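Report on the structure
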Amino acid sequence: MTVKQAQDAATALRNAAKRLLGLLSVLLIFALTACSSESRATSHKEVRRLAGSTQAEESRHKAENRLRSIADAYDEKTALTLALVTVDDICSGGAAKQWFFQTGDDQYKIRCTLRLTAYYGADPHHIGDVLDGIFTVGDQYSTDGAPGDTIPFNHDYYRKHLIDYYRGHSPNPTGPNTPEPAQVSDSSQTLSWDTVRSSQRKLVQEPGPGMKNDPPVMRCLREPAQKTVADIRKQYGMVFKLEFSFTDYYKVSKKGEVLISWSARRRAFQDGLVHEVA
């Protein structure tokens, strides 16, 4: 081997060593980042601890009570009779750092979400009057024509024609040869009901089996426990179903900052800092 060849070989060896060192440095950075508390997935033990914290419990209680108060308002102020309530409540831990295909699930330690569904009985022979009564109460909750947050369904153009349709005074408001309309909805609530004018009826379905009840991480309530949608239909003639959108009531970032707290939200509303939402 000549001197030049030896020098070239030594240079190549040094360059390879530098590249290897650089690669090891990058791998070390990734390893240290992966070990940091902000990059790890939240352990089940930590999720359970946070879900059972005083702040989480308070937020859970206030969020559920708020939704229950809305469900009760339909029972108290309209011709609907509340017969069954289900609650699905789950607290999930944040994911490990997502380097690719990011969903945002790696940004929080815990997120708690609640959903409430209410089932009502009603008279199928007076559904036009039932809807008219619901929309009238919605009018009362509206402000300057803007829907309220308790009962957001008022007498808009479509709903007026929906009432006339069920009273037999006008055609189907969704158009000829279309299915019987049996739902009104907005961003926070969906109200649906058994069809009563179609030859092929479409009925409100029974609640699903729900999750495993494991509070405070998972709660699955059914009140009354043995009540079924079929029981309601047999007793009243038809069923209405009120579904609320999923409500995030408690969320903590990987840095430990409380991002969502229903208690804080309610206090801010009472202080006039934010607008109330269902």
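Anyway, here's the lowdown on the structure attached to this text. Keep in mind it's a predicted model, so treat the numbers as computed, not measured.

**A word on the packing of aromatic side chains**
Using the criterion set out here, one finds 4 aromatic pairs in the structure. Summarising the aromatic geometry, the rings of Tyr165 and Tyr166 are spaced 5.1 Å apart at their centres and angled 70° between planes, so their arrangement reads as edge-to-face. Neither residue differs from the other here; Tyr165 and Tyr166 are each classed as buried. Between Tyr166 and Trp193, the ring centres sit 6.4 Å apart and the planes meet at 65°, which makes this aromatic pair edge-to-face. Residue Tyr166 is located in helix α5 (residues 157-166), and its partner Trp193 is located in strand β4 (residues 189-193); the two are separated by 27 residues in the primary sequence. Taken together, the ring pairs in this structure connect Tyr165, Tyr166, Trp193 and Phe240 into an aromatic cluster.

**What about the state of the cysteines?**
Applying the stated criterion across every chain yields a total of 1 disulfide. Here Cys91 engages in a disulfide with Cys112; their sulfurs sit 2.1 Å apart. Taking the torsion about the S-S bond as the criterion, the Cys91 to Cys112 disulfide, at about 110°, is right-handed. Within this pair, whereas Cys91 is found in strand β1 (residues 81-93), its partner Cys112 is found in strand β2 (residues 108-122), the two being separated by 21 residues in sequence. Since its relative accessible area comes to 3%, Cys91 is described here as buried.

**Regarding the layout of surface pockets**
Of the pockets and cavities examined, the largest pocket occupies roughly 320 Å³. Around the largest pocket, the lining is made up of 18 residues, and of these Ala182, Gln183, Ser192, Trp193 and Lys202 lie nearest the centre. Secondary-structure elements contributing two or more residues to the lining of the largest pocket are β4 and β6 (238-244). With 3 residues, β4 is the largest single contributor of residues to the lining of the largest pocket.

**Re the pairing of β1**
Note: β1 against β2, 12 bridges, orientation antiparallel. Across the sheet, residue Leu84 finds its bridge partner in β2, namely Tyr119. By the bridge criterion, 6 bridges tie β1 to strand β5 (residues 218-223) in an arrangement that is antiparallel. Residue pairing in the sheet places Asp88 in a bridge with Cys220 of β5.

**Side note on the pattern of salt bridges**
Evaluated as defined, the whole model comprises 16 salt bridges. The residue Arg48 makes a salt bridge to Asp214 at a minimum N-O spacing of 2.7 Å. On the criterion of sequence distance, the pair formed by Arg48 in helix α2 (residues 44-51) and Asp214 in the loop between β4 and β5 is long-range, its members being 166 residues apart. Residue Asp132 pairs with Arg167 through a salt bridge whose shortest N-O separation is 3.1 Å. Here Asp132, found in helix α4 (residues 127-141), pairs with Arg167, found in the loop between α5 and β3 (183-185); they are 35 residues apart in sequence, far enough to count as distant. Asp132 sits in the partly exposed class, given a relative accessible area of 21%. Overall, Arg167 belongs to the partly exposed group, its relative accessible area being 34%.

**What about the packing of α4 against α5?**
The geometry of α4 relative to α5 is characterised by a closest axis approach of 7 Å and an angle of 160° between their N-to-C directions. Overall, the two elements α4 and α5 adopt an arrangement that is roughly antiparallel. For α4 against α5, the interelement crossing comes out left-handed. Contacts between α4 and α5 involve Ile127, Gly128, Leu131, Asp132 and Phe135 from the first element and Arg159, Leu162, Ile163 and Tyr166 from the second.

**Topic: the environment of Tyr74**
Tracing the sequence through the fold places Tyr74 in helix α3 (residues 54-77). Taking the C-alpha atoms as reference points, Tyr74 and Gly133, separated by 59 residues in sequence, lie 10.0 Å from one another. The contacts of Tyr74, once residues within four sequence positions are left out, are Leu80, Tyr120, Ile134, Thr150, Ile151, Pro152, Phe153, Gln189, Leu191 and Leu242.

**As for unusual backbone geometry**
Looking along the chain, the bond that leaves Pro215 and enters Pro216 is cis, with omega of 5°. If you trace the backbone, Pro216 turns up in the loop between β4 and β5. Look at Asn177: it is not a glycine, yet its phi comes out positive at around 60°. Assignment of secondary structure puts Asn177 in the loop between α5 and β3.

How each quantity is defined
- Residues numbered from 1 in each chain as written.
- Predicted model: local features only at pLDDT ≥ 70, side-chain atom pairs only at ≥ 80, totals over all residues.
- Heavy atoms only, no water.
- Phe/Tyr/Trp six-rings, centres within 6.5 Å; stacked < 30°, edge-to-face > 60°.
- Buried < 20%, exposed > 50% of the residue type's maximum accessible area, 1.4 Å probe, protein only.
- Helix = DSSP H or I, 4+ residues; strand = E, 2+ residues; numbered from the N terminus.
- Disulfide = S-S within 2.5 Å.
- 1 Å grid on protein atoms, 1.4 Å probe; cavity = no way out; pocket = protein on both sides within 12 Å on 5 of 7 lines; lining within 4 Å.
- Points joined across faces, edges and corners; volume = space filled by probe spheres on them.
- Pairing = 2+ DSSP bridges.
- Salt bridge = Lys/Arg side-chain N within 4 Å of Asp/Glu carboxyl O.
- Axes fitted to C-alpha atoms, helices over the stretch in contact; angles between N-to-C directions.
- Parallel < 35°, antiparallel > 145°, perpendicular 65-115°, else oblique.
- Left-handed = near helix turned anticlockwise from the far one by under 90°.
- Contact = heavy atoms within 4.5 Å.

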